[in-house]
Amino acid sequence: MVSTIASSTLGESHKAWRRAMNKISTRKYKSDYNRKGLFRLPQINIWVYVRKLQRHDAFATLSELARRNLLNLTNNARGNTAIQYGNASELYFSQLDVMRDVAMYLRHQDNVLHHKRLVIERQNSGLLGKCDLLNDSAIDTQILSIVTGPMEENHWYDMTFPETEVLLLFFTSTEYVLPPFLKSMKKLKFLMISNCGTKKATVKGLDVLSSLNQLKSVRFERLFSPLGVKENIEALQNIEKLSMSLCEGFGNISTLTKLQDFNLDHFSGLEELPLGICNMPSILSLSITNYHLLQMLPDDIGNMSSLRMLRLSVLPCLKELPRSIGKLEQLEYLDISACEGLKELPKEIGKLKKLKEFDMRECSRLKALPTTVCDLSSLKLVICDEKIGKQWLRARNISIPELRVEIVEAHFSLDWLDE
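Just so we're clear, the structure is a prediction, and the values are computed from it rather than from any experiment.

Asker: Just give me the short version of the overall build of the protein, but keep the residues and values in it.
Answerer: When you go through the protein residue by residue, the secondary structure sums to 9 helices and 18 strands. Here the protein holds 419 residues, and 53% of them are scored as buried. For the protein, the share of sequence-separated contacts (at least 6 apart) that also reach a separation of at least 24 residues comes to 54%. Carbon and sulfur atoms make up 50% of the accessible area of the protein, which amounts to about 19600 Å² in all.

Written as structure tokens, this is what we have:
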């Protein structure tokens, strides 16, 4: 840590050294950059789509860096959920202040036109002054972060980013116009549009995404009806992963035939899932979290025949799982944690012959398991409360000898609100 401080404060005054030491001694690691989101990123997506790593390898690398205290990992969907592969797609990382300072120092050694990672902020009435240098220029940056307030089309500079593969847009406003230079990003693979304000925002210009043929992953945060109109849905025809958090409004998404990974978190006011969600046979991973009004799942969820990962976490009003869940023959991971309205599991759950992990912690009304759980021959791990854990131990003794039962205490936290 001392060497890190030395690198980040080289040539600075004694006060700068003292500030760095105080941060370490008082454990004040996170900076304003983390709160703005500049260094709190969905790193799994970036490594998978940009670094071309397999998802398992990316998760293993992030876990190792976190173990060495080189970064902090958080689960965006639920602060008290364990950091595990089942929720890897929604993991974020944040850096320590001194690590961030080193990254910023190294970044500033190159000409701004050739930064691999570029951060642009808006101050007062315009973008940062360095953007004057970028106007009418082609910039080689690979990862671009832009932080602004309200933006109209004429507020943006005339820039092009032919090499950019990751674009992170953070803003605070109820209306926002996407930058015109987005259409120049022909290599763009991952796009994140995040409204940091308290009210949901309307974004204009999403139809331009239809021209970005290499775009594979998109994340929307705190937006109003980003997929409420047909044109916006059609613009995402080629994406493989779609994540939406704190958004509102939906159209028929069944036309997204290439979608493999779909994540919905904190949707307000919806009592049922989006139309067409079960008519998407290409989906491999479906995550539905923090739907507080959702009472039932579609009966045809069994049509999602390719599904391997299903997360149904923090759905307190969910009354039951549909019997058709037994048709998900490829399912390997199932999470029903904090579904406190569930009183029983359907006997058809025993048909999930490939199920390997089952997270069912904090299902307080679930008193008994169906006898068919003894048919889950591939099951390796169950995470649950103590009272239901005893039943799993009996099932292990009967027919699942390799099963590991992890007993966890009930825990409630609102820490995710601070992330």
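We are not done yet, so read on.
Asker: Give a description of a negative patch on the surface that names residues and reports values.
Answerer: Together, Asp-299, Asp-300, Glu-320 and Glu-344 give the surface a local cluster of negative charge. Within the secondary structure layout, Asp-300 lies in the loop between strand S13 (285–289) and strand S14 (309–313).

Asker: So what's going on with the nonpolar core? Residues and values would help.
Answerer: One broad rule of soluble globular proteins: the nonpolar side chains tend to lie buried together. Formed by 89 residues in total, the largest nonpolar core has its most connected members in Phe-220, Ile-336, Phe-358, Met-360 and Trp-392. Apart from the residues within four sequence positions on either side, Phe-220 is in contact with Ile-193, Leu-206, Pro-226, Leu-227, Leu-236, Leu-242, Ser-243, Met-244, Ser-245 and Cys-247. Of all hydrophobic cores here, the second largest spans 9 residues; its members include Ile-46, Ile-143, Val-166 and Phe-190.

Asker: Go over the confidence of the model for the protein with me, naming the residues and quoting the values.
Answerer: When pLDDT is averaged along the protein, the result is 79, and 72% of the positions lie at 70 or above. Across residues 1–5, where pLDDT falls below 50, the model places 11 contacts with residues more than four positions away in sequence or in other chains. Within the model, pLDDT remains below 50 along residues 413–419, and this stretch shows 7 contacts once partners closer than five positions in the same chain are excluded.

Asker: Can you explain helix H9 (residues 386–399)? Please cite residues and give values.
Answerer: Between its terminal C-alpha atoms H9 stretches 20 Å, which fits the 20 Å expected from 14 residues at 1.5 Å a residue. Listed in full, the buried residues belonging to H9 are Ile-388, Gly-389, Gln-391, Trp-392 and Ala-395. Taken end-on, H9 shows its buried residues confined to a sector of 160 degrees, consistent with a single buried face. Pointing more than 90 degrees away from the buried face of H9 are the exposed residues Glu-386, Lys-390, Arg-394 and Asn-397. In this structure, the buried residues of H9 make contact with strand S16 (357–359), strand S17 (381–384) and strand S18 (404–407).

Asker: If you had to explain the pattern of salt bridges to someone new, which residues and values would you point to?
Answerer: For the coordinates displayed, the defined rule picks out 10 salt bridges. Ionic pairing is found between Asp-335 and Arg-311, a salt bridge with its closest N-O pair at 3.5 Å. Here the residue Asp-335 occupies a position in strand S15 (residues 333–335), and Arg-311 occupies one in strand S14, the gap between them amounting to 24 residues. Across the pair, exposure class does not vary: Asp-335 and Arg-311 are buried alike. Measuring nitrogen to oxygen at the nearest pair gives 3.5 Å for the salt bridge that ties Glu-406 to Arg-404.

Asker: Explain the environment of Ser-305 to me, and be specific about the residues and the numbers.
Answerer: Residue position: Ser-305 is located in the loop between S13 and S14. Each C-alpha atom, one on Ser-305 and one on Ile-325, is 9.9 Å from the other, the two residues being 20 residues apart in sequence.

Asker: Any chance you could break down unusual backbone geometry for me, citing the residues and the numbers?
Answerer: Residue Leu-246 is not a glycine yet carries a positive backbone phi of 55 degrees. Mapped onto the fold, Leu-246 is located in the loop between strand S11 (241–245) and strand S12 (261–265). For Leu-246, a relative accessible area of 28% puts it in the partly exposed group. Unlike most non-glycine residues, Glu-362 shows phi in positive territory, near 60 degrees. Tracing the sequence through the fold places Glu-362 in the loop between S16 and S17. Glu-362 gets classed as buried once you look at its relative accessible area, which sits at 10%.

Asker: Describe helix H5 (residues 55–67), and please don't skip the residues or the numbers.
Answerer: For H5, spanning 13 residues, the distance from its first C-alpha to its last is 18 Å, which sits close to the expected 18 Å at 1.5 Å a residue. Where H5 is concerned, the buried positions are Arg-55, Ala-58, Phe-59 and Leu-62. Buried residues along H5 cover an arc of 95 degrees about the axis, so they all sit on one side. Opposite its buried face, H5 presents the exposed residues His-56 and Arg-67, each directed more than 90 degrees away. Phi turns positive one or two residues past the end of H5, at Asn-69, with a value near 60 degrees.

Parameters at a glance
- Residues numbered from 1 in each chain as written.
- Predicted model: local features only at pLDDT ≥ 70, side-chain atom pairs only at ≥ 80, totals over all residues.
- Heavy atoms only, no water.
- Helix = DSSP H or I, 4+ residues; strand = E, 2+ residues; numbered from the N terminus.
- Buried < 20%, exposed > 50% of the residue type's maximum accessible area, 1.4 Å probe, protein only.
- Contact = heavy atoms within 4.5 Å.
- Areas by Shrake-Rupley, 256 points an atom, 1.4 Å probe, with all protein chains shown as cover.
- Patch = residues over 30% accessible without salt bridge, like charges linked within 9 Å, V, L, I, M, F, W, Y side chains within 5 Å.
- Salt bridge = Lys/Arg side-chain N within 4 Å of Asp/Glu carboxyl O.
- Lys, Arg positive; Asp, Glu negative; His and termini not counted.
- Charge placed at Lys NZ, Arg CZ, Asp CG, Glu CD.
- Core = buried A, V, L, I, M, F, W, Y, C linked by side-chain atoms within 4.5 Å.
- pLDDT = per-residue confidence, 0-100.
- Expected span 1.5 Å × (residues − 1).
- Arc of directions from axis to C-beta.

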